[in-house]
Each structure stands twice: as C-alpha cells, then as structure tokens.
Amino acid sequence: MTLTQQIITIAVVAAATQLTRFLPFILIPAAKPVPAYLRYLGRVLPPAVFGMLIVYCLKGVPTSASPGLPELIAIGVVVVLHLTLKRTLVSIAAGTVLYMLLVQLVF
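Keep in mind the model is a prediction, meaning the values are calculated, not measured.

Colleague: Any chance you could explain the confidence of the model for the protein chain here in plain terms?
Modeller: For any part of a model where pLDDT is low, the fine detail of the predicted coordinates should not be relied upon. For the protein chain, per-residue confidence averages 89 on the pLDDT scale, and residues scoring 70 or more make up 96% of the total. For the protein chain, helix α2 (residues 36-58) is the element with the lowest average pLDDT, namely 89, and helix α1 (residues 3-27) is the one with the highest, namely 94.

Colleague: Whenever I open this one, the side chain of E71 confuses me. Can you help?
Modeller: With respect to the secondary-structure elements, E71 resides in helix α3 (residues 69-85). Here E71 is buried and forms no salt bridge, its nearest opposite-charge partner K59 lying at an N-O distance of 12 Å.

Colleague: Just checking my understanding: could you explain the packing of α3 against helix α4 (residues 88-106) for this structure?
Modeller: Two quantities define a packed helix pair, namely the angle between the helix axes and the distance between the axes. At their nearest, the axes of α3 and α4 sit 8 Å apart, and the two run at 160° to each other. Our classification of the angle between α3 and α4 gives roughly antiparallel. For the pair α3 and α4, the sense of crossing is right-handed. When α3 is examined against α4, the residues P70, E71, I73, A74, V77, V78, L81, H82 and L85 are found in contact with a partner set consisting of T88, V90, S91, A94, G95, L98, Y99, L102 and V103. By residue class, the composition of the contact of α3 with α4 is 13 nonpolar, 4 polar and 1 charged.

The rules behind each value
- The written sequence of each chain sets the order in which its residues are numbered from 1.
- Only residues with pLDDT of at least 70 get local features here, since the model is predicted, and only at 80 or more are side-chain atom pairs given and counted; chain-wide, interface and lining totals rely on the full set of residues.
- Calculation of side-chain values draws on the structure's entire complement of heavy atoms; hydrogens and water are dropped beforehand.
- The quantity called pLDDT is the predictor's confidence in a given residue, expressed from 0 to 100.
- Helix numbers and strand numbers start at the N terminus; a helix is a DSSP run of H or I with at least 4 residues, a strand a run of E with at least 2.
- Accessible area is worked out with a 1.4 Å probe on protein chains only. A residue is then buried under 20% of its type maximum, exposed over 50%, and partly exposed in between.
- Residues scored as positive are Lys and Arg, those scored as negative are Asp and Glu, and His as well as the terminal groups of each chain are ignored.
- Criterion for a salt bridge: a side-chain nitrogen of Lys or Arg within 4 Å of a carboxyl oxygen of Asp or Glu.
- Every angle, taken between N-to-C directions, lies between 0 and 180 degrees, and every axis is a line fitted to C-alpha atoms, over only the stretch in contact when it is a helix.
- Each angle is binned into one of four classes, with values under 35 degrees roughly parallel, values over 145 roughly antiparallel, values of 65 to 115 roughly perpendicular, and all other values oblique.
- It is the rotation of the near helix from the far one that decides the hand of a crossing: anticlockwise by less than a right angle makes it left-handed, clockwise makes it right-handed.
- The contact criterion used throughout is that any non-hydrogen atoms of two residues lie within 4.5 Å.
- In this classification, the charged set is Asp, Glu, Lys and Arg, the nonpolar set is Ala, Val, Leu, Ile, Met, Phe, Trp, Tyr, Cys and Pro, and all remaining amino acids, among them Gly, are polar.

Have a look at this one:
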C-alpha cells in the first residue's frame, strides 16, 4: 500500500468507528424512549454472542478425553466463578490464566 492508501484506509476506519459510536445517540435522543425491539436486542444479544464465541473457540478441540481436558477445566472454572462472583472480567481472566497454565505446565 502506498502512503496515500494507508492514510485513506485509516481515515475510513476512523470515520466508520466514530459513526457507529455516534449513530445511536443521533437516532435515539435522550428525550425519546428506547424502542422495545432495541431493549429486547440489548437483552438477548450478549448471551448469543458469548454462545457463538464458545462454539467458535471449541470447534477445533479434539473430543477424546485428554486433549480437551484443559478446555473443560477452564470452562468449568469460568462458569463457577461467574455464578459465584458475578464478575465477568474476573471469571474470564481467571479462566484464561488457568487454561494457559494447564496447557503450558500440565498437559
């Protein structure tokens, strides 16, 4: 890519990012109530995205006993921590660290 193409690419990405950030506030001002379908999407999309991420992350894991064990242990820890602490970032971070330790040191 030439320097001009790089600058244009960065400008387009920055403009698209700003547009996606500002568009909800432009389309739905604070004085108007949020439409019911948007409240519904805000409630159901986060779990759906996490479900898709889990499927995507586990699609290449072998189904035999030992190769998939670190993943199952880490998922179990994430679920238990999230159900007990209700802290998403803590559960995800702990599961990631545990998975890395299991893969590097145990399995």
